[in-house]
Amino acid sequence: MKVLANDGVSQSGIDALEAAGYEVITTTVAQEQLENYINTNDISVLLVRSATTVRKDLIDNCPSLKIIGRGGVGMDNIDVDYARSKGLSVINTPAASSHSVAELVFGHFYGLARFLHNSNRDMPLEGDANFKGLKKAYAKGTELKGKTLGVLGFGRIGQATAKVALGAGMKVVAFDPFLEKADLELEFFDGQKVNFEINTISKEDVLKQSDFLTLHVPAQKDYVIDEAEFNQMKDGVIIANAARGGVVNEIALVKAIESGKVARAALDVFEKEPKPEIQLLMNSALSLTPHTGAATNEAQDRIGVELAEQIISILG
């Protein structure tokens, strides 16, 4: 059987599939040519990430397909229910990238707390001529230890991010409409472990208490953070969105930064990917990455192996 990994897959995933007798094709086929390619090459499994969409017409017109796989968590680029109604298996890898996303969020938080995103821009330009001025400009950093992290969405990624926060000495408060509490196990070196029980609270209480706020929610119809939510937050809050573009109202975010309600913010995802708004790209209060939350070597290895194991389990 043939597997088309249209948006790529790790070598570890390829090795596992080939060892089980599958042919793995890593050619990137353009969206408009995908239907023809699948049918011409009798593809049984289509693996995608965020670049390729799998809609009803593709599902209807490609009878050889048995499995659609998403390397990652969100499957909003796949018509999941429709595919399953047609007898296809739809799989993803919800646990594989959790820690990678959590570490990126904290990379942003530590950078924002100490103005690294600005000083890394300014030092090459002014470091020799204006060293004292830059030192004064960036001398009012803040520590994360002892601060409160609010987590909106307390699934796998939200919990992984909470673990990093707990390890950094932060208090964690969380909101999730589907979860009353979570037991978190922090693993340290030499097999040492510490357990925390986190009881979720209301969204409003999370917004009111948070010094730092991170979103880990699926794409949805309405904004999760809009003007009304910004108004409930502490003055000077630092926010990160590494979930989905469109869960934070970017216009309201810029206004909240201008008013001082939000001190600084991190965005790994954008409403208008792959062309984010210029006012975001040029805003000195924003720390920006190009949707790289899950993009670590370790996460990609886990994603590839996890997809391979599920494919082999389903098709035998």
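Before reading further, recall that the structure is shown in the block above.
Source: prediction; values computed, not measured.

**Comments concerning the overall build of the protein**
Moving on, step 1. Helix and strand counts for the protein stand at 13 helices and 13 strands.
Moving on, step 2. Along the first, second and third principal axes, the C-alpha set of the protein runs to 65 × 45 × 40 Å.
Moving on, step 3. Of all 316 residues assigned to the protein, the portion counted as buried reaches 47%.
Moving on, step 4. For the protein, restricting intrachain contacts to residue pairs at least 6 apart in sequence, the fraction spanning at least 24 positions comes to 59%.
Moving on, step 5. Element-wise, carbon and sulfur atoms account for 50% of the exposed surface of the protein, whose accessible area totals about 15,900 Å².

**Concerning the packing of aromatic side chains**
Moving on, step 1. This structure, assessed with the given rule, holds four aromatic pairs.
Moving on, step 2. Judged by centre distance (5.6 Å) and plane angle (90 degrees), the rings of F106 and F109 are edge-to-face. Remark: F109 and F106 occur in helix α5 (residues 98-113); sequence separation between them is three residues, near one turn of the helix. Taken individually, F106 and F109 each receive the classification buried, so the pair is uniform in this respect.
Moving on, step 3. Taken together, the aromatic side chains of F106, F109, Y110 and F212 make up a single cluster linked through ring pairs.

**Overview of the pairing of strand β8 (residues 181-187)**
Moving on, step 1. The two faces of β8 differ: A182, L184 and L186 on one face are buried, but K181, D183, E185 and E187 on the other face are not.
Moving on, step 2. For β8 and strand β9 (residues 193-199), the ladder comprises seven bridges, and the chain directions are antiparallel. Bridge pairing links K181 to N199 in β9.

**Topic: empty space enclosed by the protein**
Moving on, step 1. Scanning the entire structure with this criterion turns up two cavities of 30 Å³ or more.
Moving on, step 2. Computed from the structure, the largest cavity encloses a volume of approximately 60 Å³.
Moving on, step 3. If you go around the largest cavity, the residues you meet are G8, V9, S10, L47, V48, R49, G71, Q300, I303, G304 and L307.
Moving on, step 4. The dominant element in the lining of the largest cavity, judged by the number of residues it contributes, is helix α13 (residues 297-315), at four residues.
Moving on, step 5. Partitioned by chemical class, the residues of the lining of the largest cavity number five nonpolar, five polar and one charged.
Moving on, step 6. In this structure, the second largest cavity encloses a volume near 30 Å³.
Moving on, step 7. Looking at the second largest cavity, the residues that line it are N241, G245, G246, V248, E250, L267, V269, F270 and E271.
Moving on, step 8. Taken together, the residues of the lining of the second largest cavity break down into four nonpolar, three polar and two charged.

**Topic: the sheet that holds strand β13 (residues 286-288)**
Moving on, step 1. Strand order across the open sheet formed by six strands is β7-β6-β10-β11-β12-β13, with parallel pairing between neighbours. Where the open sheet ends on each side, the last strands, each with one partner, are β7 (171-175) and β13. Between one strand axis and the next, the sheet turns by 15 degrees as a mean value, whatever way the strands run.
Moving on, step 2. In this sheet, β7 lies alongside strand β6 (residues 148-152) in parallel orientation, the contact comprising five bridges. In the strand pairing of β7, L149 is matched with V172.

**Some thoughts on the pattern of salt bridges**
Moving on, step 1. Scanning the entire structure with this criterion turns up nine salt bridges.
Moving on, step 2. The shortest N-O distance in the salt bridge between K193 and E185 comes to 3.8 Å.
Moving on, step 3. Across the salt bridge formed by K272 and E277, the nearest N and O atoms sit 2.8 Å from each other.
Moving on, step 4. Its relative accessible area of 29% is what places E277 among the partly exposed residues.

**Digging into the side chain of T200**
Moving on, step 1. With respect to the helices, strands and loops of the structure, T200 is situated in the loop between β9 and α9 (203-209).
Moving on, step 2. By relative accessible area, which is 18% here, T200 ends up buried.
Moving on, step 3. Engagement of the side chain of T200 in a polar contact is seen with the backbone oxygen of L179, the distance being 2.6 Å.
Moving on, step 4. Dropping the residues within four chain positions of it, T200 is found in contact with F154, A174, F175, D176, L179, E180 and K181.

**A short note on a nonpolar patch on the surface**
Moving on, step 1. The grouping of F188, F189, V194 and F196 at the surface amounts to a nonpolar patch, some 390 Å² of accessible area in total.
Moving on, step 2. Mapped onto the elements of the fold, F196 is located in strand β9.
Moving on, step 3. A relative accessible area of 32% means that F196 is categorised as partly exposed.

**Some thoughts on the pairing of strand β11 (residues 237-241)**
Moving on, step 1. The buried count for β11 comes to five of five residues, which makes it a mostly enclosed element.
Moving on, step 2. The side-chain alternation of β11 yields two buried faces, one formed by V237, I239 and N241 and the other by I238 and A240.
Moving on, step 3. As judged from the four bridges shared by strand β10 (residues 212-215) and β11, these two strands associate in the parallel manner. The partner of F212 across the bridge, within β11, is I238.
Moving on, step 4. Since β10 and β11 lie parallel, the crossover through helix α10 (residues 227-232) that links them has a hand, and here it is right-handed.
Moving on, step 5. Relative to strand β12 (residues 262-267), β11 runs parallel, the two sharing five bridges. Opposite I238, over in β12, you have R264 as the bridge partner.
Moving on, step 6. Viewed along the sheet, the connection from β11 through helix α11 (residues 250-259) into β12 turns out right-handed.

What counts as what
Residues numbered from 1 in each chain as written. Predicted model: local features only at pLDDT ≥ 70, side-chain atom pairs only at ≥ 80, totals over all residues. Heavy atoms only, no water. Helix = DSSP H or I, 4+ residues; strand = E, 2+ residues; numbered from the N terminus. Buried < 20%, exposed > 50% of the residue type's maximum accessible area, 1.4 Å probe, protein only. Contact = heavy atoms within 4.5 Å. Areas by Shrake-Rupley, 256 points an atom, 1.4 Å probe, with all protein chains shown as cover. Phe/Tyr/Trp six-rings, centres within 6.5 Å; stacked < 30°, edge-to-face > 60°. Pairing = 2+ DSSP bridges. 1 Å grid on protein atoms, 1.4 Å probe; cavity = no way out; pocket = protein on both sides within 12 Å on 5 of 7 lines; lining within 4 Å. Points joined across faces, edges and corners; volume = space filled by probe spheres on them. Nonpolar A, V, L, I, M, F, W, Y, C, P; charged D, E, K, R; others polar. Axes fitted to C-alpha atoms, helices over the stretch in contact; angles between N-to-C directions. Salt bridge = Lys/Arg side-chain N within 4 Å of Asp/Glu carboxyl O. Polar contact = N/O pair within 3.5 Å; in protein donor to acceptor, adjacent residues only side chain to side chain. Patch = residues over 30% accessible without salt bridge, like charges linked within 9 Å, V, L, I, M, F, W, Y side chains within 5 Å. Right-handed = clockwise from strand over helix to strand, strands pointing away.

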